[in-house]
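# Observations on chain architecture
Listed below, chain by chain, are the residues.
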Number of protein chains: 2
Amino acid sequence: MTLCGWVESKRDHGGAVFIDLRDRYGLTQVVVGPPEAEASLIDEAGRIPTESVILIKGKVADRLEGKTNDKLDTGDIEVRTEHLEILNTCATPPFTPSQSDLPGEDLRLKYRFLDLRRKEMQQGLMMRSKIIKTMRDFFAEHDFIDVETPILGRSTPEGARDYLVPSRVHAGKFYALPQSPQLYKQILMVAGFDRYVQLAKCFRDEDLRADRQPEFTQLDLEMSFVDADDVMGLIDGLVARTAKEVLGKEVKTPLPRMTYDEAMCRYGHDAPDLRFDMEIVNVTSVAAKTEFRVFRGTADAGNFVRGLNVKDAATKYSRRQIDDLTNYVKEFGAKGLAWFRVEEDGTLWSPISKNLDEAHLAEIKELMKGEPGDLLMFLADTWEVTCKGLYALRKRLGAELKLYSPDQLDCSWITEFPMFEKDEETGNWSAMHHPFTAPLARDLNKLDEDPAACRAQAYDLVINGSEAGGGTIRIHDSTTQSKVFELLGIDEATAEDRFGFLLNALRYGAPPHGGIALGVDRWVMLLAGLDNIREVIAFPKTQKAADLMTEAPGDVDTDQLTELHLRTVGIKKD
Amino acid sequence: MTLCGWVESKRDHGGAVFIDLRDRYGLTQVVVGPPEAEASLIDEAGRIPTESVILIKGKVADRLEGKTNDKLDTGDIEVRTEHLEILNTCATPPFTPSQSDLPGEDLRLKYRFLDLRRKEMQQGLMMRSKIIKTMRDFFAEHDFIDVETPILGRSTPEGARDYLVPSRVHAGKFYALPQSPQLYKQILMVAGFDRYVQLAKCFRDEDLRADRQPEFTQLDLEMSFVDADDVMGLIDGLVARTAKEVLGKEVKTPLPRMTYDEAMCRYGHDAPDLRFDMEIVNVTSVAAKTEFRVFRGTADAGNFVRGLNVKDAATKYSRRQIDDLTNYVKEFGAKGLAWFRVEEDGTLWSPISKNLDEAHLAEIKELMKGEPGDLLMFLADTWEVTCKGLYALRKRLGAELKLYSPDQLDCSWITEFPMFEKDEETGNWSAMHHPFTAPLARDLNKLDEDPAACRAQAYDLVINGSEAGGGTIRIHDSTTQSKVFELLGIDEATAEDRFGFLLNALRYGAPPHGGIALGVDRWVMLLAGLDNIREVIAFPKTQKAADLMTEAPGDVDTDQLTELHLRTVGIKKD
């Protein structure tokens, strides 16, 4: 047989050279020794630098008893070399893919071609390829048409910041890289394509968080003549199929659904982690009756006392650790953290318990379903702060107490999001999803009467507490679209200027339609059980949006800028 | 049954309304009439504007005898409507997708959502989707890994003009949109991925020709441990599979191969149309012996007399038409066109035949395999001009004389291209493919001795006379790579600056590797038998790189430019 690959490691033993030869499929033990190999060849093999590329020809043989390696697929065999060719030698690399003490990420990104040789990276990218293929097969079977939409598009000052591309031909004008193919996919529905899908590259020039990249991939789809149930039902099938084919896991469908309001009540967030319980409980009604100033005052002000029952945790958290959690919730705007231990005798104990009647304590315990050994924690604040603080606290406790196993996969839908959010400072409404989202049919009249109460035909897919995708049914008539623009403070002239072609399209026979976009990078990360998005992207950017390998972005010639009718301004020289 | 779709046309007949209802799958005849429909519904149906979107429920019935329509899949049936709902009415459109006298392309591009409703456009894009799926399936079966490479990359002043993207975070620096993922895919091979494939978006800011777009899609692949035969053999399989699955056509493999030199001799071009014969014949050896000044002078100057035998065309081209062809070849630098008719008696006749001996005429006829009724045409000029002129002439004659049928599919390989081209003005060498192309092993020494004679491990796929893809085996050792850079006048510092990461990668264990890129837009165009690339792209740009629907490129706010550290200069106000 002939094998080509990289010399991962080698050792001399008993007059032979043993090479761990690595290729995409794994490691194979190659022996260069007598009687197959002559002394000169053994000698040469001994001098090959690690990470060099070699070709060998030889015979497959069983390894000697006691020399097998259970960790490798090929651990029972070895290849006894008859011929060896060095295809390329490797200079001393800054690190080797097999070393256990890896250098920092910056060095690995600079030498990405070495870092990508690591088993974890190879497996991650192969899983990504498989997930993408599974998605494509699924949609092809469901009669979707794969349509490519442009990368060089039009800038719309909505949403995040655009990446701009100056035009040479049209002096002073700019293309923008798409934040999503939203308008194009709606146009495709108006054009009668019925079912569209694309793995689309999207771009946002935002300051990056750990799990964001300036360019990212989105599984983007749109369907005509459907409602929210149809879209969610389809994606249920995709989730089950992907989990099955990629991870060998069964996911029960239909996936559970929960309204936005319910999610906020029970978990304080629209992307709750449902791998574990510990729901938020509202005890404001009892708090209002107590003499305890903090509780009573909160209730009187129309705010909320809500808490978590951390089961069996009374002895797991010391006073100092609880102080630590108190400081943690303060990061989210809370003023403090009230807590009670449920004692063996069933009573609640806490530094503040003396401020509360026994009857009220008993009521609280009952609402919280407290049992001996439980730790009850409360925030007394506005609805928003109790949501944010308890969501963060629950997330932290879930991880600290290992309330779920890392290979658990929980997928569910959050539905009926609010149409609009109010900017607290300016009092302006903004669209919670995007300005093309249709309101629930039963809320149509609220567009005029009570925008805050108006709910959208919107749905988010949540996997393990992360938003893994979101979609909406779109507005398909220009009257409703104009009304929504008006509410959002986008006047007619501005709307025509920015979205004129979409408004136009709605006038010429637009079908009812809706769709969804799934974050592919996020999906791969979640399915692979990783927490760094750069591990599932072959050539990622740093959090400063730089590619350390190619050194992009880079300098360009002045001539190039002149051709683009541009000059840089206000640049400080290094 | 329930049907949703667009009202393509309607007519009143015998108290009923007949609607041609269009969806992605075609047309269905819908009847709104008694007894199923009440008078009010029939009335309503009669008032629906064409291109409105409706939903109907009804029963499928056979059409009356004599009322069937063979042109439609659904031509034998009609749907008798019981319920009809207007989902959206259509304003009077600027044109309808079914009208036979379509308006100009500009109006159609502006109202792309209407233009895309045309049957031809729907079929073209569905074929595109199918071709792409076939490609992806093929490569998945062949164990390729689909890897996405970045769109925000680094500008390299090689090749065509880059589209630039200013960086906000890194003041004064720019990303560039990729002209191809060339360097990334080589890095993937160095990283050990063995077989990579991607449908990659590529960008070139060039002045556009009819079949070019500023952004285009390329099927991009790379393989390790392969030679040119391996790559061509794989693509042979892809071509056969695609032709079979998409067109139902058998393509015999292996596809024929011809060296670049042979193609230039026989067809004057490296992408010859092999759907018909009419090869170029070199008659310089005879020309050198004649007394005819033009022929003799050309031969004496070391130039060439080469011609085409246009079979059976002697009576098909009048003197005036031949004058026309003469003017045509002059566009390609020729000074004139010599021609002879082969008469019934086998002699050659021409206004210039009196200048040539009968013996020489007979020799020419023999070389040209002239038979009575043939028309022989010659150019006497440099090698380059005879190639260009005869290539163009052959192409024109092939089309005019209908020497091939439009549904013929001819695929073949052109191999062993020159490594370098010499700029006639500056005397500088440039890379014919790109500077990472490996020379043929047997020509390695010519890098130093005779670069003009050095042939590359390069191969182009030609379909029906169009380049449908091209690839090379790459240089995998840094010594050869440095030598090639040197020949191309790229000094060490420049090479390090532009391609440092690739040169670096070559030092750390690069395997032998090669690949190919296929132009997907072009493939779809060729397979669909179309000649306008904008018909196989959902949202194309005009030849001025504008999107007439979204009006991209557009204006941006000054604030956006300020954030990007840019100012426009030298813009004339409209």
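Conventions used here
- Residues numbered from 1 in each chain as written.
- Chains lettered and ligands numbered in written order.
- Predicted model: local features only at pLDDT ≥ 70, side-chain atom pairs only at ≥ 80, totals over all residues.
- Heavy atoms only, no water.
- UniProt positions renumbered as here; feature names shortened; annotations may be inferred.
- Core = buried A, V, L, I, M, F, W, Y, C linked by side-chain atoms within 4.5 Å.
- Buried < 20%, exposed > 50% of the residue type's maximum accessible area, 1.4 Å probe, protein only.
- Helix = DSSP H or I, 4+ residues; strand = E, 2+ residues; numbered from the N terminus.
- Contact = heavy atoms within 4.5 Å.
- Least-squares fit on C-alpha atoms with pLDDT ≥ 70 in both.
- Polar contact = N/O pair within 3.5 Å; in protein donor to acceptor, adjacent residues only side chain to side chain.
- 1 Å grid on protein atoms, 1.4 Å probe; cavity = no way out; pocket = protein on both sides within 12 Å on 5 of 7 lines; lining within 4 Å.
- Points joined across faces, edges and corners; volume = space filled by probe spheres on them.

An unreviewed UniProt entry annotates chain A as Aspartate--tRNA(Asp/Asn) ligase of Novipirellula herctigrandis. Its UniProt record, at the heading Sequence similarities (unreviewed entry), says of chain A: "Belongs to the class-II aminoacyl-tRNA synthetase family. Type 1 subfamily."

Moving on, we get to the nonpolar core. Residues and elements named next belong to chain A. Counting 100 residues, the largest nonpolar core has F139, I235, L461 and W523 as its most contacted members. Considering every element that reaches this core, the biggest residue donor is helix α6 (residues 228-247), with nine residues. In this structure, I235 is in contact with F139, L221, W413, L461, I516 and L518, ignoring residues within four places of it in sequence.

Expressed as a screw operation, the relation of chain A to chain B combines 0.0 Å of axial shift with a rotation of 180 degrees, fitting to an RMSD of 0.0 Å. What the superposition gives is, in effect, a two-fold axis relating one chain to the other. A share of 100% of interface residues in chain A that are also interface residues in chain B marks the association as one of identical surfaces.

As for its position among the elements, R128 of chain B is in helix α4 (residues 119-141). Since its relative accessible area comes to 5%, R128 of chain B is described here as buried. Looking at R128 of chain B, its side chain comes within polar contact range of the main-chain oxygen of V536 of chain B, at 2.7 Å. For R128 of chain B, the residues in contact, after removing those within four places along its chain, are E148 of chain A together with T217, V520, D521, V524, V536 and I537 of chain B.

Before going further, it helps to spend a moment on the environment of F144 of chain A. By secondary structure assignment, the location of F144 of chain A is in the loop between α4 (119-141) and β6 (145-146). Take F144 of chain A: its relative accessible area is 7%, and that puts it in the buried class. Residues F144 of chain A and Q198 of chain A, 54 residues apart in the sequence, show an inter-C-alpha distance of 9.3 Å. Not counting the four nearest positions on each side in its chain, F144 of chain A is found in contact with F139, R195, Y196, V197, L221, E222, M223 and L234 of chain A together with R24 and S129 of chain B.

Our next topic: unusual backbone geometry. As a rule of thumb, non-glycine residues mostly have phi less than zero, and peptide bonds are mostly trans rather than cis. Residue P34 of chain B is joined to P35 of chain B through a cis peptide bond whose omega torsion reads 5 degrees. With respect to the element layout, P35 of chain B can be found in the loop between β3 (26-32) and α1 (39-47). A cis amide bond links T253 of chain B with the next residue in sequence, P254 of chain B, at an omega value of -5 degrees. The residue P254 of chain B is located in the loop between α6 (228-247) and β11 (257-259) in this model. Unlike most non-glycine residues, D312 of chain A shows phi in positive territory, near 55 degrees.

Under the defined criterion, the tally for this structure stands at 14 cavities of 30 Å³ or more. In this structure, the largest cavity occupies an estimated 400 Å³ of space. Along its surface, the largest cavity is lined by 28 residues, and R136, L199 and K201 of chain A together with L199 and K201 of chain B are the ones closest to its centre. Breaking the lining of the largest cavity down by element, the ones donating at least two residues are α4 and β9 (195-203) of chain A together with α4 and β9 (195-203) of chain B.

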